[in-house]
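# Structural overview
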Amino acid sequence: MQACPIAPVVDLVFSRWTTPILWTLNEYGQQRFVELQRLIGVITPKVLTQRLRQLERDGLVTRTYHAEVPPRVEYEISPLGRSLAPLFHSLAEWSPNLTKVQAAREAFDTHEPAHRRP
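In this report, we go over the structure that sits alongside the text. Fair warning: this is a prediction, and the values are worked out from it, not measured in the lab. (Residues numbered from 1 in each chain as written. Predicted model: local features only at pLDDT ≥ 70, side-chain atom pairs only at ≥ 80, totals over all residues. Heavy atoms only, no water.)

## Topic: the environment of E27
With respect to the helices and strands, E27 occurs in helix α2 (residues 18-28). For the pair formed by E27 and T110, sequence separation is 83 residues and the distance between their alpha carbons is 39 Å. (Helix = DSSP H or I, 4+ residues; strand = E, 2+ residues; numbered from the N terminus.)

## Examining the pattern of salt bridges
Side-chain pairs of opposite charge can arise where the charged atoms are in close proximity. Taken as a whole and assessed by the stated rule, the structure comprises two salt bridges. Across the salt bridge formed by R72 and E68, the nearest N and O atoms sit 2.8 Å from each other. Between R72 and E74 there is a salt bridge, and its shortest N-O distance comes to 3.0 Å. In terms of burial, R72 and E74 fall into one category: buried. Through salt bridges that share partners, E68, R72 and E74 make up one connected network. (Salt bridge = Lys/Arg side-chain N within 4 Å of Asp/Glu carboxyl O. Buried < 20%, exposed > 50% of the residue type's maximum accessible area, 1.4 Å probe, protein only.)

## Brief notes about the packing of aromatic side chains
What characterises a pair of aromatic rings is the spacing of the ring centres plus the angle enclosed by the ring planes. What the rule picks out here adds up to one aromatic pair. Between W23 and Y28 the ring centres are 6.2 Å apart and the planes differ by 80 degrees, which places this aromatic pair in the edge-to-face class. For W23, a relative accessible area of 37% puts it in the partly exposed group. If you follow R16 out to its NZ or CZ, it ends over the ring of W17, 4.2 Å from the centre. (Phe/Tyr/Trp six-rings, centres within 6.5 Å; stacked < 30°, edge-to-face > 60°. Lys NZ or Arg CZ within 6 Å of the ring centre and 35° of its normal.)

Below, the structure written as structure tokens:
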């Protein structure tokens, strides 16, 4: 038994690029690779490909291949991935607190005793 039951969820959902990919697909719906990359921003094609494959393997994203000329591939969040939407919503609601976190950090850094500094 794990000490923290949410640790595996955090590892799965909150890796570097997983959260932006899932959030984007949840927010904007089905996307082609290039559209998804554009919406996310600074992700490289190699990293996006790796993360999409892992998310598909984990059952959080579905990939649909259309045998056309040229071929077309679309990605969308799966029902399992969509079940994370309340979590994303809760985190988005909490995000205004980031200014308080920044203020706390600045206050800490300003008032930290010299004996505690590296």
